[in-house]
Amino acid sequence: MAVAHKMLDYMGKSSWIRKMFEEGARLKQIHGADKVFDFSLGNPNVPPPAAVHDKLRQLVANLAPGMHGYMPNAGLPETRAAVAAQLSLEKGLPISADQVVMTCGAAGGLNIILKALLDPGDEVLTPVPCFVEYGFYADNHGGILKTVPTSDDFTLDLEALAKAVGPGTKVVLINSPNNPTGQIYSAVALERLADLLRQKSREYDRPIYLVSDEPYCKIVYDGHRVPSVFAAYENSLITTSYSKDLSLPGERLGFVVVHPQAADLQALLGALTLANRILGFVNAPALQQRLITELQGLCVDVSIYRRKRDLLVAGLRSAGYVLINPPGAFYLFPQSPLSDDIEFVRLLQEENILVVPGSGFFGPGHFRIAYCVDDRTIEGAIPGFHRALQRAKNL
Ligand SMILES: Cc1ncc(COP(=O)(O)O)c(C=O)c1O
């Protein structure tokens, strides 16, 4: 076998979303696309703001030399400066351009952070449910992902965290608003987490870094805001992207920003920049950096997602599902009426409804619905959700 055993193993483990995608294609061929309700992918369906298209047109018409050339590995100076200025407004403390490294999405950001911070065997601790790629990303850089449960409403469980942080912990990785639960971690919870990490860093005599993965930070509803980890903890890094808030996930642009008072700041920034280069990203895409430089603070119309969330939450609740009404992101994470979430997902498939089992996110007993889809898909699926729940109750 040519392929590495580890990759074969990973290909088996990582296949939930792919399986759903293939199942969707099969069902659409049999029943027609309009009869299949596909909630499996977190691919934003709200179009990018008009200003994105206008700016793109201007950029492609610009034939100036160097438009598409190599650049410093951390990104274009003017883009980093624009991002830093916006962050200074949003995070409540001054951020300078040299604290920002432009990346290939938040995924690229996470990978350069873990490459920069982890020695072999170092542990990355993350509250679950979580984004399934975290385990692979930790392993990419010789680290080990450790998981810690959250509370029933998916908020941080500080007691569980206090027990889970140990001498091997180098990074605590959080994601708020969360994929797959849509939950946001409060400022008070972040303060308490910061106190814990300061105490544990002293105890183990090495800094524990808090990494905040925030691609959904602008996809929030009902007046919620995502509290800044920078306000809580100095040894922190944030990564985010323009994938969700500008609906540009295929364009692969994001950034990492390091807290100005982080331990070993200069070495860390150097390591992040080198990691961008040697992981083969080299630099984030030039055209996309130029695109967002003048579009800072812009966001898709979030009220469209809020309406979809409200429609689906109301429909599911009236059918009898138990779920939190999430304050952010575009996912719902209802309880599975069967303890085996995979079995319940199969029942939904029989109704031509495609969702992802919670087990795929370290959250068994639940399932994830990505509601970044047409209203037609949401409205059309409610009767099937209803029937599947009734069938599960009769099993
Ligand atoms: C929690 C989380 N982190 C990171 C990513 C990767 O984002 P990007 O497409 O910006 O790399 C995603 C994408 O869905 C995500 O849900």
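See above for the structure.
First, a word on scope: everything that follows refers to the structure included in this document. (Residues numbered from 1 in each chain as written. Predicted model: local features only at pLDDT ≥ 70, side-chain atom pairs only at ≥ 80, totals over all residues. Heavy atoms only, no water.)

Attention now moves to the overall build of the protein chain. For the protein chain, the count of helices and strands is 14 helices and twelve strands. By the compact-globule yardstick of 21 Å for 395 residues, the protein chain fits well, its C-alpha radius of gyration being 21 Å. Looking at the protein chain as a whole, 55% of its 395 residues are labelled buried. Excluding contacts between residues fewer than 6 apart, the proportion of contacts in the protein chain whose partners are at least 24 apart in sequence is 76%. Surface exposure of the protein chain reaches about 16,500 Å², of which carbon and sulfur atoms provide 55%. Charge separation in the protein chain, taken as the distance between the mean sites of 37 positive and 40 negative side-chain charges, equals 3 Å. (Helix = DSSP H or I, 4+ residues; strand = E, 2+ residues; numbered from the N terminus. Rg over C-alpha atoms; globule rule 2.2 N^0.38 Å. Buried < 20%, exposed > 50% of the residue type's maximum accessible area, 1.4 Å probe, protein only. Contact = heavy atoms within 4.5 Å. Areas by Shrake-Rupley, 256 points an atom, 1.4 Å probe, with all protein chains shown as cover. Lys, Arg positive; Asp, Glu negative; His and termini not counted. Charge placed at Lys NZ, Arg CZ, Asp CG, Glu CD.)

Okay, the site of the ligand next. Neighbouring the ligand are 14 residues, the closest being Asp213, Tyr216, Ser241, Ser243 and Arg252. Here an oxygen atom of the ligand and a side-chain polar atom of serine 241 are 2.7 Å apart. Protein contact buries 92% of the 390 Å² of open area that the ligand shows by itself. Among the elements that make up the shell around the ligand, the one with the highest residue count is helix 5 (residues 105-117) (three residues). The class makeup of the residues in the shell around the ligand is six nonpolar, five polar and three charged. (Near = heavy atom within 4 Å. Polar contact = N/O pair within 3.5 Å; in protein donor to acceptor, adjacent residues only side chain to side chain. Nonpolar A, V, L, I, M, F, W, Y, C, P; charged D, E, K, R; others polar.)

What follows deals with the side chain of asparagine 276. Along the chain, asparagine 276 turns up in helix 10 (residues 265-278). Setting aside residues no more than four positions away along its own chain, asparagine 276 makes contact with Asn73, Val101, Met102, Thr103, Ile112, Phe281, Val282 and Asn283.

Now for the side chain of threonine 239. Tracing the chain through its elements places threonine 239 in strand 7 (residues 236-241). For threonine 239, a relative accessible area of 0% puts it in the buried group. Residues contacting threonine 239, with those up to four places away along its chain left out, are Ala106, Gly109, Leu110, Ile113, Ser212, Asp213, Glu214, Pro215, Phe255 and Val256.

With that out of the way, let us pick up the sheet that holds strand 6 (residues 209-213). What the seven strands build is an open sheet, ordered 2-8-7-6-5-3-4; its pairing is mixed. With partners counted over all chains shown, the strands left at the sheet margins are strand 2 (100-103) and strand 4 (144-149), one partner each. On average, adjacent strands in this sheet sit at an angle of 20 degrees to one another, irrespective of strand direction. Here strand 6 pairs with strand 7 via four bridges, running parallel. Pairing of leucine 210 across the sheet is with serine 236, part of strand 7. (Pairing = 2+ DSSP bridges. Axes fitted to C-alpha atoms, helices over the stretch in contact; angles between N-to-C directions.)

For the structure on display, the rule yields 14 aromatic pairs. Both rings, one in tyrosine 10 and one in phenylalanine 136, keep their centres 4.6 Å apart while their planes meet at 70 degrees; by these two values the pair is edge-to-face. Within this pair, whereas tyrosine 10 is found in helix 1 (residues 5-13), its partner phenylalanine 136 is found in helix 6 (residues 133-140), the two being separated by 126 residues in sequence. For the pair tyrosine 10 and phenylalanine 136, one class covers both residues: buried. The structure contains a cluster of three or more aromatic residues connected by ring pairs, namely Phe39, Tyr321, Phe344, Phe367 and Phe385. (Phe/Tyr/Trp six-rings, centres within 6.5 Å; stacked < 30°, edge-to-face > 60°.)

Okay, helix 11 (residues 286-293) next. Counted residue by residue, helix 11 has eight buried out of eight residues, so it is predominantly covered. When helix 11 is considered as a whole, its buried residues turn out to be Ala286, Leu287, Gln288, Gln289, Arg290, Leu291, Ile292 and Thr293.

For the rest of this paragraph, the subject is the nonpolar core. Counting 48 residues, the largest nonpolar core has Phe39, Leu312, Tyr321 and Phe385 as the members making the most contacts within it. Contributing elements (two or more residues each) for this core: helix 2 (16-31), helix 12 (302-319), strand 9 (331-332), helix 13 (341-350), strand 10 (353-354), strand 12 (367-370) and helix 14 (375-393). Element by element, the count of residues in this core is highest for helix 14, at seven residues. (Core = buried A, V, L, I, M, F, W, Y, C linked by side-chain atoms within 4.5 Å.)

This part takes up a nonpolar patch on the surface. Taken together, the side chains of Met1, Val3, Met7, Leu8 and Met11 present a nonpolar region at the surface, about 490 Å² in accessible area. With respect to the helices and strands, the residue valine 3 is situated in the segment before helix 1. (Patch = residues over 30% accessible without salt bridge, like charges linked within 9 Å, V, L, I, M, F, W, Y side chains within 5 Å. Salt bridge = Lys/Arg side-chain N within 4 Å of Asp/Glu carboxyl O.)

This part takes up the state of the cysteines. In total, this model carries zero disulfides according to the counting rule given. With no disulfide of its own, cysteine 104 lies 19 Å from the sulfur of cysteine 217, the closest cysteine sulfur. Overall, the relative accessible area of 15% leaves cysteine 104 in the buried class. (Disulfide = S-S within 2.5 Å.)

Attention shifts here to the sheet that holds strand 12. The strand order across the open sheet built from three strands is 9-12-11, with neighbouring strands paired in antiparallel fashion. Each edge of the open sheet carries a strand with a single partner, namely strand 9 and strand 11 (356-357). Note that strand 9 and strand 12 share two bridges and pair antiparallel. Within strand 12, the position partnered with tyrosine 331 by the bridge is alanine 370.

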